[in-house]
Each structure stands twice: as structure tokens, then as C-alpha cells.
Amino acid sequence: MATAIEAFVHYIVDICVLERNMISPTDPRNRILLWAFVFAAIPYLYSVFNEDKRLASMTVEQAMQESWDKMITLPSMLFRKVVVGINCNVDVIVSGTNLYNHINPSLSKCSDHEVLKSTEDMRESFMEHMANEETFASIIKTIETSQQPKQYHIGGNAALMAQRIAYSFPRTTAFLVGPIGPRSQALLHPSIVQNNSTRILKDELHVIMEYKQGEILGEYVAPTSSRFVFSHDKFSGSSVVIEMFFKAISQFRPDLVILSGIHLLEFQNAEMRLEKIRLIKRSLLQINNGIPIHLQLGNMGDAVFASDLLERIVGNVDSVGLNEQELTFLSKVGNGPYNDEYPVSGGSLHVYKVVEMLHWLITKYGQDKSNVESKNYNYRLQRIHFHCLTYHLIVSRGTDWSNLAAGLAAGARVAGRHSCNIPQSETLDSGLLEVRSGSSYLLDKTMKKSYIFDPHRPVASWMRNEIVFIYTPVLVCKFPTKTVGLDETISTTGLLYSQFYRIDHARMHL
């Protein structure tokens, strides 16, 4: 400290020596001035020293949180009105192992089933939907009449995103279009505008069977905490709800549209779902070019359906949110890079593989105004938000989207809090969160871009031609208590912190 002050005094003396009018530090008239400089420097140097000491004493988790906090700023132009659709339901959350033991199916076999037709199939398969209504009703009755703990929450991708907007962004009004029953209506935030045309008498229920890392079922041990979801939806993928969704856009006149839940069409017959995808595409093309459209993807397993989604829908939205299972499946269906990675099992994908898949997706289905003859010229896609357990990425092409680093940091910050169920008003307990990534690894194989982990600067960004990549590791909840709605929370938060402004080049040249 003394050395720094002495150096500062000498610096002051040096700058006070003028060519023709030298000020001597021994002159009594100038001592007061010099000591004033010294006493002004002491607090500054102390604060610098103290800040370095404070930063060095931080945990990794605290340092990352503070770095994100510094990056997160609201966009200058907020989204004020958002139309969200098309699925809404009530989630019944139960312990997966307790329910299995209560139903007591045989534990002798474990294999996949695309459709669950019995309790045996339910035990053997970890898929997402149930087509046998009687079996589904039987399991619902078992849950409701048993004494095991259960929770009822609002569910459905669209409803969860509207709920997040209502709770975290009070200056934004969400208009939700989806099948809303009595219980879901009671669970929804009162500020959410609801569409009376899609009210139903009985709620659609989704069973969320949660299990924690280390739980035992027969001879199987859960390697990580997760959930098993099954349902029997009737209304979320109906033509009526789809038509009401697009009608609400013209009536409500939003400045953001969020489309989610169309993955539910996958389990309808091929002709019906293709007709609905065509209806959605026609309706998307009629939305004003200045209103951004975000597509939130869900889990898919049908290659034909995913291919139709890629070719007809993805290029006609401005933004896409997806996770590692959805990205790898699209890459497999669309013959993209590293398509042998699907399905992802046991840990996260290498970052450089995800980067290649995202580059392929935004290059093949993203907007490109450089070639009038290309079909990409009329595409809209310019933003992709990817999230998995240990890291998040935002990819952007073009100039319409900005404030993306703030959106990425905001999504990463809320991920661990949501999983550990830590309210934003509470101080973060770093003992609940941890980083699950190495100290250095490859980000982009093509650009030879590597990442050196620094908790005080966790966010990295780079460009490949005109495409921008922004990356951050994520703090993972060690003991998750809430797995439902995590993807929607991350995507909604990142989206609402992003800014969209599209210049109409056609009008500029008139």
C-alpha cells in the first residue's frame, strides 16, 4: 500500500513540473495541494485493494452470479403485449417410485414403448404420452384416491410461459390461448388475459412422476434427478384452439407471439397433423413481419412429424427455444451434423458438437438476405436459444435481435434458482449450486475457439462469418426440488430480456 502511495505522489510531482513554470514540492505554498492529492488517492487505492480482496474471497458460484447480474439489463424497448398458445393443462406431481410401488407392476422387464397401453408398459417405458384412455383414467384415479403426497400446478408449455411472464415481468401483459378448465383457471396468475372461447369443463391432466438421483426401483438406480411425464390430451392440439390462437393475435395486436405445444400434434394421425401444420404455416405467414414469433419446441419422437416441422414451421418463425434432445433429434431427421448423438444419454453433449448443430440449423433454416433467389431470403429465423443442464447458448444471425448476452445471462441465472426452488427475493445459497464443466474445453472446432473457465467472466462470445455465438456455463442445482417448467422458465426469461427491432428494407428503398 505504501509503495503505491509513494508512486502516486511521484506521479503528481512529475505532472506538476512545467517547462517554464516549475512547481516545487518543497515550496510551502504547494504542500497543501500535494497533500490534498495524497489524501484523495488513499480512499481510491484502498477501494481498489479492498475490491481485489473481495473478489478473491468469493466462491465460484457467487462470482458467476455477480458477473451475470452485471450483464443483465432490460432492453430499451420492452415487449408490452404477448400472445401465448396453444397448450394448457394441470400437472399432477407425484413421487415416481411411490406411484410405481403403489401400482405394483412387474419389475422383470425394462424396454421402450412409444404408446403406453398398460401399467406394465408404463413401468417399462419412459416416453411422454399415453394413448389408452382407460388405462390413463385408471392411473389418475389411483393417484387421486391414494394417500401419497401430490401437488397440483399449472402445466403446458404455453401456460407455463404465460405464468412466468406474469410473475417476473409485470410490465408485460400475457394473453393465453389454450384449453383452460376450472382448476387451471384458478391456478393461473390473475393478470393473464384468458380466451373464453377455449374454456373446457374438465381440465386436461398431465402426470409428472419425479424421481431424485439415487432412488431405487427394483434393481435400477436413478443416475440423476429427472421426471417422467405422461398424458392423454384431447384439446391442446385441436383445430379450434389453433384457430383461436391466431384470431387472438389479430385482436390483441401483440408485439411478441409465443407458439408452443405443437409437439402434441405428433400423436394424432398423419393426415390430421399434416393439415394442422399447414394451417399453422398459413397463419404464421399472415402475421405482420414486425411482430417477432418465438417457437418453443417440445419433446418429439416421430421422424416424419419432426421433418414436417423443420420444413414448414422453423424457417417461418423469428426465434426458437430447444434443449439437447430436441436439437439432436432435428439434426438426425434433417441429416445435420453429429446426428448419431440422438438420443442423448448420460450427461451433456460436447459444446463444439452443439455449436455445429446450431450453425447447421440457423444456416439451413435461417434468414439470408444476401441471395434473392434463395428460399432462405423469405425465411424469418434469426435467433436460437439452446439450453441443457450444464450450459446455455444463444445463436443469432442478422440485425433484428439485440441485448442477447443479457438474455442468455438472465436465463442461466434463473435455471439453478428454479431447480432448487429459490425465490429471486432470497439471497443465493451457493452451497446448493455447482459448476459441472471443465476448466478448459473446445467451443468451436471450425474456428478453433477454446474456453478457459473464469467465474468472474463466465460468458464467451465469438463470430463465424455473420453468425454470433454467445455461451455460458450454468450453475446446476445439487438437489433439485422442482423439475417441471424449467425449459419454459429459461426460454421465457431469455426472450423477455432480448430486444427485437426489424427495419423494413423494402420500404426504405421506395
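Definitions and limits used
- Residues numbered from 1 in each chain as written.
- Predicted model: local features only at pLDDT ≥ 70, side-chain atom pairs only at ≥ 80, totals over all residues.
- Heavy atoms only, no water.
- Helix = DSSP H or I, 4+ residues; strand = E, 2+ residues; numbered from the N terminus.
- Expected span 1.5 Å × (residues − 1).
- Buried < 20%, exposed > 50% of the residue type's maximum accessible area, 1.4 Å probe, protein only.
- Axes fitted to C-alpha atoms, helices over the stretch in contact; angles between N-to-C directions.
- Parallel < 35°, antiparallel > 145°, perpendicular 65-115°, else oblique.
- Left-handed = near helix turned anticlockwise from the far one by under 90°.
- Contact = heavy atoms within 4.5 Å.
- Nonpolar A, V, L, I, M, F, W, Y, C, P; charged D, E, K, R; others polar.
- pLDDT = per-residue confidence, 0-100.
- Phe/Tyr/Trp six-rings, centres within 6.5 Å; stacked < 30°, edge-to-face > 60°.
- Lys NZ or Arg CZ within 6 Å of the ring centre and 35° of its normal.

A. Up close: helix H7 (residues 157-168). End to end, H7 covers 16 Å across 12 residues, agreeing with the expected 16 Å (1.5 Å per residue, within 8%). With respect to burial, H7 is a largely interior element, 10 of its 12 residues being buried. Taken as a whole, H7 has its buried residues at Asn 157, Ala 158, Ala 159, Leu 160, Met 161, Ala 162, Gln 163, Arg 164, Ile 165 and Ala 166.

B. Layout of the packing of helix H10 (residues 270-285) against helix H11 (residues 303-312). Running from N to C, H10 and H11 point in directions that differ by 15°, and their axes come no closer than 11 Å. Classified by the angle their axes make, H10 and H11 are roughly parallel. When the axes of H10 and H11 are compared, the crossing they make is right-handed. Here Arg 273, Leu 274, Ile 277, Arg 278 and Lys 281 of H10 lie close against H11, whose contacting residues are Val 304, Phe 305, Asp 308 and Arg 312. Residue composition of the contact of H10 with H11, grouped by class: four nonpolar, no polar and five charged.

C. Highlighting the confidence of the model for the protein. Averaged over every residue, the pLDDT of the protein is 84; the share at 70 or more is 81%. Counting interchain partners and residues more than four positions distant, the pLDDT-below-50 stretch residues 126-131 has 30 contacts. Under a pLDDT of 50 for its full length, residues 506-510 has, in the predicted model, one contact with residues more than four places off or in other chains.

D. Molecular detail of the packing of aromatic side chains. One pass over the structure, following the stated rule, counts 13 aromatic pairs. Taking the centre distance of 5.7 Å and the plane angle of 45° together, the rings of Tyr 391 and Tyr 471 count as tilted. Of the two residues, Tyr 391 sits in strand E14 (residues 391-397) while Tyr 471 sits in strand E20 (residues 467-473), which places them 80 residues apart along the sequence. Tyr 471 gets classed as buried once you look at its relative accessible area, which sits at 1%. An aromatic cluster is defined as three or more aromatic residues linked by ring pairs; in this entry it consists of Phe 386, Tyr 391, Tyr 441, Tyr 451 and Tyr 471. Positioned above the aromatic ring of Tyr 152 is the side chain of Arg 183, whose terminal nitrogen or guanidinium carbon lies 4.1 Å from the ring centre. We note Arg 383 situated over the ring of Trp 401; from NZ or CZ to the ring centre the distance is 5.4 Å.

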